[in-house]
Amino acid sequence: MTRVLCLRPQADFARVNALPPSSLAVDYRAPADADVPELMRQADALVVPAVGPPLAAKLFDGTRLKLVQVTGAGLDRLDMAALTRLGIPVANVPGGSNDAVAEYAVTTASLLLRRFAWSGDEIKRGNYVAFRAAMIGANLAGLDGLTVGIVGFGTIGVAVAKAFAAANCRLCYHDPAPPDPKAAAALGAQSLSLPDLLERSDVVTLHVPLLPATRGLIGAAELARMKPGAVLIQASRGGVVDEAALADALRAKQLGGAAVDVYSTEPPGRDNPLLALDGEAAQRLLLTPHIAGVTRQASALLFRSAWQNVERVLVRGEAVANSANPVSP
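Residues numbered from 1 in each chain as written. Predicted model: local features only at pLDDT ≥ 70, side-chain atom pairs only at ≥ 80, totals over all residues. Heavy atoms only, no water.

Some details on the pattern of salt bridges
Operational definition: By definition here, a salt bridge exists when the distance from a side-chain nitrogen of Lys or Arg to a carboxyl oxygen of Asp or Glu is within 4 Å. Helix and strand labels come from DSSP, where a helix needs a run of H or I of at least four residues and a strand needs a run of E of at least two; each type is numbered from the N terminus.
Evaluated as defined, the whole model comprises 17 salt bridges. For Arg64, the salt bridge goes to Asp44, with nearest N and O atoms at 3.5 Å. With a gap of 20 residues between them, Arg64 in the loop between β3 (45–48) and β4 (67–70) and Asp44 in the loop between α2 (36–42) and β3 connect regions that are remote in the sequence. Across the salt bridge formed by Glu199 and Arg225, the nearest N and O atoms sit 2.4 Å from each other. Of this pair, Glu199 sits in helix α9 (residues 194–200) while Arg225 sits in helix α10 (residues 220–225), and the two are 26 residues apart along the sequence.

Below is the structure:
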């Protein structure tokens, strides 16, 4: 029986009816469990969630792993250079969360633009009449006809663009090397420099990986370029946005609001500047716990695709699907 070590709970797979095939013998462990190093040496494959603390490269030394399968798209927690050097193939499941992230971006943009969450808090405080008058006086916009700027036009960015297009938004994007330029043309999305996109957009939504070139991509200077009242959706990777600068922009009322799903440190510590906001600045901020891409439907697709690839490689001896590094098993 082919042995697989899985570093996420069996319950995650069971709740969406996506348990592994019977051809695989799976040991489920938490990354910090004491017997993980020994099980790694015995396993033919390792299955890991995309989100979590980095896995030390030394864990992979002396293993016989034929595949590391990520149950999502992100590869941030893996030392890809080390795994490639060790000859261990890595595969992910790109695109499985596209619809969920697109739904998140459209929903949070609407919530922020129309101050729905904020109004709920005001009503609970007894401010129904005054806040309703303030909302009407602010002449709040819905999505129809607004300009949405998508930073990162890969598979997720394109899915987000399609969702905003369905809401009758104008689209622009910034991506120096979009994987599918035809997708932009089909949606009527205009390619812009990042400064131009920030200046023109009513909604800016981020969908880039965390790389040296994207770390701190949105800082104080970039936030200052955004239109007054514009909203920012941060559902990419923690570190892409300077959180202190974002907190300052919200405190100064430069932005209409921000939705933040990812953080420079997860979970965010008490010293995170976004958690220190209060008053109106806090009301303009919507925080979620890295779940933009997590729905029942998305999880089922991701998990089933991951198990299918493990079975394909280990049981049937076929090539790795969605290989993330140039290594053959």
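Thoughts on unusual backbone geometry
For clarity, the threshold we go by: Each residue's exposure class comes from its accessible area (1.4 Å probe, protein chains only) as a fraction of the maximum for that residue type: buried when under 20%, exposed when over 50%, partly exposed otherwise.
In this structure, Pro267 follows Glu266 across a cis peptide bond, with omega equal to -5°. Inspection of the secondary structure puts Pro267 in the loop between β11 (257–260) and α12 (279–283). Its identity is not glycine, yet Arg115 carries a phi of approximately 60°, on the positive side. For Asn168, which is not glycine, the phi dihedral falls at a positive 65°. Tracing the chain through its elements places Asn168 in the loop between α7 (155–166) and β7 (170–174). Residue Asn168 is classed as partly exposed on the basis of its relative accessible area of 49%.

Observations regarding the environment of Ala220
Among the structural elements, Ala220 can be located in helix α10. For Ala220, a relative accessible area of 54% puts it in the exposed group. For the pair Ala220 and Leu232, spaced 12 residues apart in sequence, the C-alpha separation works out to 13 Å.

Re the sheet that holds strand β10 (residues 231–234)
This is how it is decided: Two strands qualify as a pair provided DSSP detects at least 2 bridges between them. Any two residues whose heavy atoms approach within 4.5 Å are treated as being in contact. Axes, fitted as lines to C-alpha atoms, cover a helix only where it is in contact. Angles between the N-to-C directions of the axes lie from 0 to 180 degrees.
With parallel pairing, the 7 strands of this open sheet are ordered in space as β8-β7-β6-β9-β10-β11-β12. Where the open sheet ends on each side, the last strands, each with one partner, are β8 (190–191) and β12 (285–287). Relative to β11, β10 runs parallel, the two being bridged by 4 bridges. Residue pairing in the sheet places Val231 in a bridge with Gly257 of β11. Packing against the sheet, helix α4 (residues 98–113) makes contact with β9 (203–206), β10, β11 and β12, and its axis sits at approximately 150° to β10.

Focus on helix α11 (residues 243–251)
Inspection of α11 places Glu243, Ala245, Leu246, Ala247, Ala249 and Leu250 among the buried residues, and these make up the whole buried set. Where α11 is buried, its residues meet α10, β10, β11, α12 and β12. One or two positions beyond α11, positive phi appears at Lys253, with a value near 60°.

Quick look at the sheet that holds β4
Strand order in the open sheet made by the 5 strands is β2-β1-β3-β4-β5, with parallel pairing throughout. Each edge of the open sheet carries a strand with a single partner, namely β2 (24–28) and β5 (90–91). Sheet analysis places strand β1 (residues 2–6) next to β2, joined by 5 bridges and oriented parallel. Counterpart to Leu5 in the pairing with β2 is Asp27. Here helix α13 (residues 296–314) sits on the sheet in contact with β1, β2, β3, β4 and β5, set at roughly 165° to β4.

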